[in-house]
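Close look at the chain arrangement
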Amino acid sequence: MKKRNLFFALFVSLMLFSGCTTKQAESTDSSVAEEKVSSSERSEAKASITLLDGDKELSKKDVSFKEGQSLFDVLKENYSVEDDDGMITSLDGHSQDAKNNKYWVFTINDEQVNSGAKDVTLKKDDRVVFKLEQF
């Protein structure tokens, strides 16, 4: 009888202990998932992108992106982009015109950028302006 009671008590203890361990693991898993979600939310940023043809505004969008993402990748996610070896030749159907020496140039926060969009990392609250400009 004592052996049976001891066996029963041991069995119940093991069941309770294993049940607590499973709940703890589930709790840890959900807190890790919540941390991942909140960290991805923190890495989301916004910027504005404006397309101009001379002084005429073609479009303006507020875009969301992940910190560290290149301007080129953000453009491809939000616009129809054509490029020639990394040089943007068309944005949303508005193409450069080599015969008239009209090419895409861009500024970020009103400063001329002298590198390609693939080489520029977009930052939170940047104001990007792409302009078809005649040279």
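Refer to the preceding data block for the structure.
Residues numbered from 1 in each chain as written. Predicted model: local features only at pLDDT ≥ 70, side-chain atom pairs only at ≥ 80, totals over all residues. Heavy atoms only, no water.

1. Examining the nonpolar core
Counting 24 residues, the largest nonpolar core has Ile49, Leu71, Leu75, Ile88, Leu91 and Phe130 as its most contacted members. Every element with two or more residues in this core is listed here: strand 1 (44-53), strand 2 (56-66), helix 2 (71-78), strand 4 (87-91), strand 6 (102-108) and strand 8 (127-134). (Core = buried A, V, L, I, M, F, W, Y, C linked by side-chain atoms within 4.5 Å. Buried < 20%, exposed > 50% of the residue type's maximum accessible area, 1.4 Å probe, protein only. Helix = DSSP H or I, 4+ residues; strand = E, 2+ residues; numbered from the N terminus.)

2. Side note on the sheet that holds strand 5 (residues 94-95)
Strand order in the open sheet made by the three strands is 3-4-5, with antiparallel pairing throughout. The open sheet has two free edges, formed respectively by strand 3 (81-84) and strand 5, since each of these has just one partner strand. Summarising the sheet, strand 3 and strand 4 pair through four bridges and their orientation is antiparallel. Counterpart to Asp84 in the pairing with strand 4 is Met87. (Pairing = 2+ DSSP bridges.)

3. Remarks on the sheet that holds strand 1
In spatial order, the strands read 2-1-8-6-7; together these five strands make up an open sheet with mixed pairing. A strand with exactly one partner marks an edge of an open sheet, and here the two such strands are strand 2 and strand 7 (111-112). Summarising the sheet, strand 6 and strand 8 pair through seven bridges and their orientation is antiparallel. By the bridge assignment for strand 8, Trp104 is matched with Leu132. Strands strand 1, strand 2, strand 6 and strand 8 of the sheet are contacted by helix 2, whose axis makes an angle of about 110° with strand 2. (Contact = heavy atoms within 4.5 Å. Axes fitted to C-alpha atoms, helices over the stretch in contact; angles between N-to-C directions.)

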